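Secondary and tertiary structure notes
This is what each chain is made of:
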Number of protein chains: 2
Amino acid sequence: MQVPKLLVSRRIRATPYTPRVEALGVSGYSVVNHTILPKGFQKTIEEDYWHLKTHVQLWDVGCQRQVELRGTDAAKLAQLMTPRDLRKARVGQCLYAPMIDAEAKMLNDPIILKLAEDHYWFSIADADMLLWAKGLAVGMGLDLGIDEPDIWPLAVQGPKSDDLVARVLGEQVRDIGFFKFRVCDFEGHDLVVARTGFSTQGGFEMYPEGFSLGRRLWDALWQAGADLEVSPGCPNLIERVEGGLLSYGNEMTRDDNPLECGLEQYCQLDGSVEYIGLEALQKIAESGPERLIRGVIFDGEACPACQHPWPLTIENQQVGYVTTAVWSPGFERNVALAMLDRGYWEAGAAVTVSAGDGSHRQGIVTELPMQAL
Amino acid sequence: MQVPKLLVSRRIRATPYTPRVEALGVSGYSVVNHTILPKGFQKTIEEDYWHLKTHVQLWDVGCQRQVELRGTDAAKLAQLMTPRDLRKARVGQCLYAPMIDAEAKMLNDPIILKLAEDHYWFSIADADMLLWAKGLAVGMGLDLGIDEPDIWPLAVQGPKSDDLVARVLGEQVRDIGFFKFRVCDFEGHDLVVARTGFSTQGGFEMYPEGFSLGRRLWDALWQAGADLEVSPGCPNLIERVEGGLLSYGNEMTRDDNPLECGLEQYCQLDGSVEYIGLEALQKIAESGPERLIRGVIFDGEACPACQHPWPLTIENQQVGYVTTAVWSPGFERNVALAMLDRGYWEAGAAVTVSAGDGSHRQGIVTELPMQAL
């Protein structure tokens, strides 16, 4: 299939980094939260994969918009919106948190940054969670401000991230713990720096306020990274699939509940915390999920992109579907994320993948993140 | 600027019509409501403009997703979500309706289809209004179902629309009034057919359920239209600007209120109807809006696409900004939609347009829709 062009208007927002990624040869975009997300550069996806695992990259993830809750009822609303227990959350912590509706269906899977006892950012995947938060607050008469601040996340990912960021923000960044953040100084401005990111290669996500500061931060990191082989990058499909990192809208939608998505560890089910969807989720937990997200490793030549779910079958009976698939140079096989029905999700189970090109290929169900077979 | 490519995944949905528009040479997409929207075909935008004003076109507007309210409190929630007075709305009516938040800021501008006293569709522009509706309903404890049905709108636009649609659905469609709909029969299935659409050239929007029915409807219309010079199409930027049709996210955002958008006729301000944002909107109405959306016609060669607002100035003082602009072959000038500050929005006022290419051009403020100067 021919790759179509994306026509940008005011409605589909550029980021502070757009001129930089265009100068560096961005080859395509996706759209997330009404904002463009680079999807590739001049390297092949495999070259990019090895680069990400070896060096350091700057990612324009300005599309990771923040839903800011601030005020008297901020903590109350934050807890209502997630089954994750926030009672012991501390300022400076980043919390991966499923968001569900009253039927316990997945609405999003943000990282929550607790900035103060009455101040939270939900760093969201692709859906207007601002409207969900505002609807709840208006409906319940809660007392807080809810807004999308002028914050444009920039990620630094890869094993040399600490070295690069320390050059720009100081040695203190090395002490930032996993899924913790600190407020650093950059050119006299507060800058939230978190040890998070949509890869498993280590690194940071930074939250500059405003286009001007964001662009200066990009430039400072870029200039400091020349001898570290810094490169522009973006979430790498191979690395993300192998690492079992889920993408809302791809691996999970409003049709799925968090137990099906393997997120039980982020769900407080004992009733000690009140949140929307608690009753529905407890009911699902009683009988257990009907399906589960797993990995699949499968044979044949490099598969095409998975634009619609591909059936997974055993003896012509459908037992699940692939949501994302890509050739892995590490496994020298194709790797996929998939939803498997109960009874068929055990690691090692043999399944047939009906890839989008009409081929049928032998596959094996795996744990996530994937381990070498 | 090079036009970047759009990379499609499960998260960015195709429509029933995607294979048809790709076979017909779609040249680019935008993304609306997590769904692809064709933005052009093999004709130039000017050829397409004349075709739309002369013949008939099929538009893949599957991205116009429906927020369905159904049940006891459906009418109550529908009214809470818009300042438009729905008390006299009748089944079979389509109502253009601003949606606002508690601060009276624009959230969306759907067409509401009243299907039954307890059953509404909000046919939405680009934002997840499902989440706003669900948040309000959960917060207020309302009793209704809220969902996105499997409906994929298909538009027929242009002066030959009645002739084309009558061939497929029968002569009765000629009797459908402006902004009214009827449930027609297509291959034994109910099909909502509305006399609406995002052009001022006349036509219909149809609401088939499911991919299979949608594709058969496309094919039936396509085959019936050969001698009518039917063509694939999409909202035409020239026609839309001249006609003063606003695009949520482009002409108006969450920063604007409906009075600034010229939508006062859709706002019940006397307090006889209860809706979210009433108090804030009444306060704005007391002093009048601070700015207003207008047309601007301006000189010089064909302007580039407006991807970020362009300043409008009078003697170096900013008095507004352009949100959308394009060359009009009818006016033989550039035409634009713009937000003008109070005191500067009278038709005939002279302004300077700072177009994105660095040029400064002389322009004139106009009413909407635009009339020949």
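This text gives an overview of the structure that appears in the document. (Residues numbered from 1 in each chain as written. Chains lettered and ligands numbered in written order. Predicted model: local features only at pLDDT ≥ 70, side-chain atom pairs only at ≥ 80, totals over all residues. Heavy atoms only, no water.)

**Considerations on the interface of chain A and chain B**
Condition: Any pair of residues with heavy atoms lying within 4.5 Å of one another is described as a contacting pair. When two parts are put together, the accessible area they lose, computed with a 1.4 Å probe and summed over both, is reported as buried area. Think of a salt bridge as a Lys or Arg side-chain nitrogen and an Asp or Glu carboxyl oxygen that are within 4 Å of each other. Here a polar contact is taken to be a pair of N or O atoms separated by no more than 3.5 Å, where protein atoms must pair a possible hydrogen donor with a possible acceptor and residues adjacent in sequence count only if both atoms sit in side chains.
In this assembly, 54 residues from chain A lie in contact with 54 residues from chain B. Together, the buried faces of chain A and chain B total about 4,700 Å²; carbon and sulfur atoms form 59% of this surface. The three residues of chain A that bury the most area against chain B are A:Arg10, A:Arg11 and A:Leu131, which together make up 18% of that side's buried surface. Run the count over chain A and chain B and you get 8 salt bridges. One can count 22 residue pairs in polar contact (both at pLDDT 80 or more) joining chain A with chain B.

**Points about the pattern of salt bridges**
All chains considered together, the criterion is met by 42 salt bridges over all chains. When salt bridges that share partners are traced, they join A:Arg13, A:Arg65 and A:Glu148 into one network.

**Some thoughts on the sheet that holds strand S19 (residues 317-328) of chain B**
Residue and element names in this part refer to chain B. What counts here: Two strands qualify as a pair provided that DSSP identifies no fewer than 2 bridges between them. Going along the chain from the N terminus, every DSSP run of H or I of four or more residues is numbered as a helix, and every run of E of two or more is numbered as a strand. Angles run from 0 to 180 degrees between N-to-C directions of axes, and those axes are lines fitted to C-alpha atoms, restricted for helices to the stretch in contact.
On the basis of which strands lie adjacent, the closed barrel formed by 6 strands has the order S17-S20-S19-S18-S21-S22 and antiparallel pairing. Put simply, the sheet's adjacent strands are angled 40° from each other on average, direction ignored. Bridge analysis of S19 against strand S20 (residues 333-341) gives 8 bridges, and the strand direction is antiparallel. For Gly320, the partnering residue across the bridge sits in S20 and is Leu340.

**A few points about the side chain of A:Asp101**
The criterion, for reference: Buried, partly exposed and exposed residues are distinguished by accessible area as a fraction of the type maximum, computed with a 1.4 Å probe on protein chains only: under 20%, between the cut-offs, and over 50%, respectively.
Its location among the elements puts A:Asp101 in the loop between strand S7 (99-100) and strand S8 (106-108). Its relative accessible area of 2% is what places A:Asp101 among the buried residues. Polar side-chain contacts of A:Asp101 include one of 3.0 Å to the side chain of B:Lys134. In this view, A:Asp101 contacts A:Leu107, A:Trp132, A:Ile276, A:Gly277 and B:Lys134; residues no more than four positions away in its chain are not counted.

**Considerations on the nonpolar core**
Test applied: Buried Ala, Val, Leu, Ile, Met, Phe, Trp, Tyr and Cys residues form a nonpolar core when they are joined through side-chain atoms within 4.5 Å.
Judged by nonpolar contacts, the single largest core of 72 residues is most densely connected at A:Met206, B:Met206 and B:Leu221. Among the elements that take part in this core, helix H6 (residues 211-224) of chain A stands out by supplying 6 residues, more than any other. Residues A:Leu95, A:Ala137, B:Phe122 and B:Leu144 belong to the second largest nonpolar core, which totals 58 residues.

**Topic: the sheet that holds strand S14 (residues 189-194) of chain A**
Within a sheet, adjacent strands bond to each other through the backbone by hydrogen bonds, running parallel or antiparallel. Residue and element names in this part refer to chain A. The mixed open sheet is built from 6 strands, whose spatial order is S13-S14-S15-S12-S4-S16. The open sheet terminates on both sides in strands that have one partner only, identified here as strand S13 (181-186) and strand S16 (231-233). Sheet twist, expressed as the average angle between the axes of neighbouring strands with direction ignored, equals 30°. Bridge count for S14 against strand S15 (residues 203-207) is 3 bridges, and the pairing is antiparallel. Paired with Val192 across the bridge in S15 is Tyr207. In this fold helix H2 (residues 45-54) packs onto strand S4 (57-60), strand S12 (154-157) and S16, with an angle of close to 115° to the strand it touches most, S4. Sheet contacts for helix H5 (residues 161-169): S4, S12, S13, S14 and S15; angle to S15, the most-contacted strand, approximately 35°.

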